[in-house]
Each structure stands twice: as structure tokens, then as C-alpha cells.
Amino acid sequence: MSVTFLQELPGDQPADSPAYLQGVSGNQPAVLPSQGVAGDEPAVFPASLQGVAGNADLLSEILLWLPPKSLLRFQAVCKDWFSIISSRTFRQLHCRRKLTSGKVDGLFFCWWVYGNNYVDFIPLNGIPKNQKGMIPSTLKNIAKSTSSKIEQLHSCNGLFCISFNLGIENFDYYVYNPSTNQHRLIPLPYLGIKAYEIVVMNLAFDPMVSDCYKLLCVMKLNGVYEISVYSSETEVWKNCMDTEMKILDANQHFLGQGVFLNGCMHWVSEMSSFLRFDLDSMCFRDMPSTDLPIGVLKRSIRYFGESVGHLHLIEIHEFRSMSFEVLEMEIDYSKWFVKYRVDLSYMHTTHPLMLSEEVDLLDVNGGTCNVVCVVVNEKEDTTRLLVTTPDVIVEYDAHRMTIKEVADIEIAKIPVIWEDVSVFEWYDTHQYVETMASV
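Model, not experiment: these values are computed from the prediction.

Attention now moves to the overall build of the protein chain. When helices and strands are counted, the protein chain shows nine helices and 25 strands. Going through the 439 residues of the protein chain one by one, you find that 51% of them count as buried. At a minimum sequence separation of 6, the contacts of the protein chain that also span at least 24 residues come to 49%. When the accessible surface of the protein chain is totalled, it reaches about 21800 Å², and 53% of it is carbon and sulfur.

As for its placement among the helices and strands, Leu107 is situated in strand E1 (residues 106-113). Distance from Leu107 to Gln431, taken between C-alpha atoms, is 4.8 Å for residues 324 residues apart in sequence. Setting aside chain neighbours within four positions, we find Leu107 in contact with Asp120, Phe121, Ile122, Leu124, Val372, Cys373, Leu386, Ile393, Thr429, His430 and Gln431.

Taken in spatial order, the four strands make up an open sheet running E11-E12-E13-E14, and their pairing is antiparallel. Each edge of the sheet is formed by a strand with only one pairing partner; in this case those strands are strand E11 (259-261) and strand E14 (283-285). Direction aside, neighbouring strands of the sheet carry axes that sit 35 degrees apart on average. In this sheet, strand E13 (residues 275-278) lies alongside strand E12 (residues 264-267) in antiparallel orientation, the contact comprising four bridges.

To continue, consider the pattern of salt bridges. Evaluated as defined, the whole model comprises ten salt bridges. The shortest N-O distance in the salt bridge between Arg285 and Asp278 comes to 3.4 Å. Note on Arg285: relative accessible area 39%, which makes it partly exposed. We note a salt bridge from Arg384 to Glu395, for which the minimum N-O separation is 3.3 Å. Taken together, the residues span a long stretch of sequence, with Arg384 in strand E20 (residues 382-388) and Glu395 in strand E21 (residues 392-397) at a distance of eleven residues.

Right, let's get into the sheet that holds strand E16 (residues 310-315). Spatially, four strands are ordered E15-E16-E17-E18 in an open sheet, and the strand pairing comes out antiparallel. In this open sheet, the two strands that pair with only one neighbour each are strand E15 (301-307) and strand E18 (336-343). Each strand of the sheet is rotated relative to its neighbour by a mean of 20 degrees, with strand direction disregarded. The sheet contact formed by E16 and strand E17 (residues 323-329) spans four bridges and is antiparallel. By the bridge assignment, Glu315 is partnered in E17 with Glu325.

What follows deals with the side chain of His154. Mapping His154 onto the fold places it in strand E3 (residues 149-156). Given the relative accessible area of 2%, His154 is considered buried.

Of the residues in the protein chain, 70% reach a pLDDT of 70 or more, and the chain-wide mean stands at 76. Under a pLDDT of 50 for its full length, residues 415-421 has, in the predicted model, 17 contacts with residues more than four places off or in other chains.

Quick look at helix H3 (residues 56-63) now. Within the sequence span of H3, burial applies to Leu59, Ser60, Ile62 and Leu63. Angularly, the buried residues of H3 cover 160 degrees about the axis, an arc narrow enough to put them on a single face.

Conventions and cut-offs
Residues numbered from 1 in each chain as written. Predicted model: local features only at pLDDT ≥ 70, side-chain atom pairs only at ≥ 80, totals over all residues. Heavy atoms only, no water. Helix = DSSP H or I, 4+ residues; strand = E, 2+ residues; numbered from the N terminus. Buried < 20%, exposed > 50% of the residue type's maximum accessible area, 1.4 Å probe, protein only. Contact = heavy atoms within 4.5 Å. Areas by Shrake-Rupley, 256 points an atom, 1.4 Å probe, with all protein chains shown as cover. Pairing = 2+ DSSP bridges. Axes fitted to C-alpha atoms, helices over the stretch in contact; angles between N-to-C directions. Salt bridge = Lys/Arg side-chain N within 4 Å of Asp/Glu carboxyl O. pLDDT = per-residue confidence, 0-100. Arc of directions from axis to C-beta.

If you want it as C-alpha cells, here you go:
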């Protein structure tokens, strides 16, 4: 069966407005507005279209293909549509379909410059460019205090955890869905009378398993780490009692930008072993690390992330190298293996700013590429790497070995000597996917 969606026609109401679409709700005859020509009669939709609107299963299947912002508007069409779109089952199916598509709708960049944190949003995948400034502005207005500043971001499958610095070591933490503009203030964990420092709050959300999410709070107490886990289902914090937690040296392991997959939070380290923490059993699991090259004191990690159930890692062994390997973790966590070999050296001719001497002075990825996102689409059998240069974001297709520019970098510039140089890294980057998930 083929379905023709309504096109916008002249008149008082746009085609995607609730008032215009109310005619196809199944509660009344579907009538198009008058076209303004004398003698014209309003056009009535054929019975077949009204039949589609009256079939809840078929209507749900059609609505599942629409983005969240459209669905939020369409809830106002009628009671039937509101019942379908607002149902827990529909939202779960919408989240899962979006997740399996492997598409990323945008990238948030949160970076620190001269004592201040900045946030920029780059829309991708057809997201309107006018959202470039709107989404960060809405995000900043969540906190009640006008003087608050965004301290950290962490994203997971469309939801964000945002920490706001309210001043004098006072922080608020929110879970936020940019697609629905819903947010929730999260209470802080309680460790009795102990004075602790919150290092980071990592978000864990997997719509394939549950519509609930968890927060993993990493705290530092007397030079060692403590971990507490919060569940949106119970709204209760649970402290980790794993003895391995007590021997983790805060100076050796940086538990910051964690990557959530398979019920576990994962961290990589430049000098120490990689870590994996199971949020259900509240204990550490085995996690293979990569070998440090002979004579090298630390790893040069250029990317660590997850896409469609796979962990990916990129390490650069030569400072100015544009050739690298994309490693993937075995499903059973037995080892890392080489998934792709990539050579982007020809980008020096098309993007000469990548050879800027000012980047070398910053000691940040000088002359190399900054991979900020690896996107796998198993249905289309494609793997794409999003790479930042000082002026644009390009997409590299690992199968076709082709590149194309997907977005300009306009705001996120850092003044260095004579010119602006972007220093976006993978840990500055937070993926955004549209989702109907509730917070």
C-alpha cells in the first residue's frame, strides 16, 4: 500500500498544523480549505484516506516515521492521535526505530577556553540550520539561576545530562531531551557527612532495553573514587560497594567521558588500563586495553565511542599522521581488532588549515584529523566517520573511501596568535539524535 502525505496548500492553515489535519482524524469528514476561487467547493478526501486515518495500527506505523517535533504538534489533531502518540508503547517503538537507524541528527560541542565553557550545536541529517542557535539557547535557560554556567555535558541515545555551575561550589544536574524540551532536576547523591567532589555525571540510556535511564556519578574522596548510580525508575541513588573501587587512583584514571553500551559504562585511559563498570551488578568487569608501544609513555587516543552496539577506538602513533586504524571491540570483550584502515592524507590539499603551525603550538592534534563521531548503519552496510577540520566537518565513507563536507564550523573558534584554530576533540563532542523518550 502506498500512502501520499498531505502537501501544504494555500490557505489560513499550513498542511502540518493540527487544525488542518483534524479533518483526517477519523472523527469528522476530511475537508481541504477553500482555494480562494469563486464558485469552488471544498475538496473532500477520498474514503481510502479516511480509512487509513481510522485504522489505529496503520496510522501508528505511519506516525512512527515522523520526527519528534512533528509528533508533538500532531498530538493536538484529536483525541485518537493524542492517545497513540502519547502512549508508552508508541514512544518506545519510536525510540528503538530511531536507534537502529544509526543516524546522528547533530553534534553538540562543549569546550573550555580561558576559564569558561562554551556550547555550540552543529545540525546534521537534514535538521534545519535555524536550530543551530535555538537548541543551545534553550539548553542554557534550563537552570533557574541567570548567572549559572554549563559546566559539563554527557549524552546517550538522545538524552543529555547537564551540570550547571551556580557558583561557590554549587552545582545543579539536569536530564534533558532537546527534542521534546523536557527536563528533570536530579537530586545529588548522599554519602553521609563525607565531603566529596563530583568529578562527572555520566548518563546511561538504552531504549532497546527500557524507557528508564540511569546516572552514574563519579566522586572523588581523599584521592580515590566513589561511584553512585541513580535510577529514574526508583529515583534512588545506590552506592557502589565493589572493593576494586577503593584501589582506583584518581591521578591515573580519568573517569570522564564514559561510553555506555550493554549495560556498562566504559572508559579509556592514556596511561592506565581501560575500565568497564556494570550498572546493574554495581561492579567492574574485564575490559581489554590496547598495548602501549615500546618507548611510549602514553597512548594518543583520537576517538572512543559507540555506534549500533559496537565500541570503536582510534589511536594515532605518529604525531602528524593522517593514516590510522579504526579498532572495534569483539562482542565477547575478548580483544580489539582492526575494523578499518583509513588514509586521509589527501585532505591536506583540500583543507590546508590542517597543517597550520598554530595548531602545533597548541599541541592538539597538529596536522592530524580529529574524528569526533563514528556512525555505523548495518542496514545500509555503511560506516561513516565525522572529521573536524579548522573550518568544516567532513564525512568520510569507510566503504566507498569518499569524503563530503556536511557542516561549516563558524562559532567554535579559539584565537591563537594570528588566526582562529578549531581544537575540537572527541571528548568535546556529544551526539544528538531526535527521540521521544521521557525524562
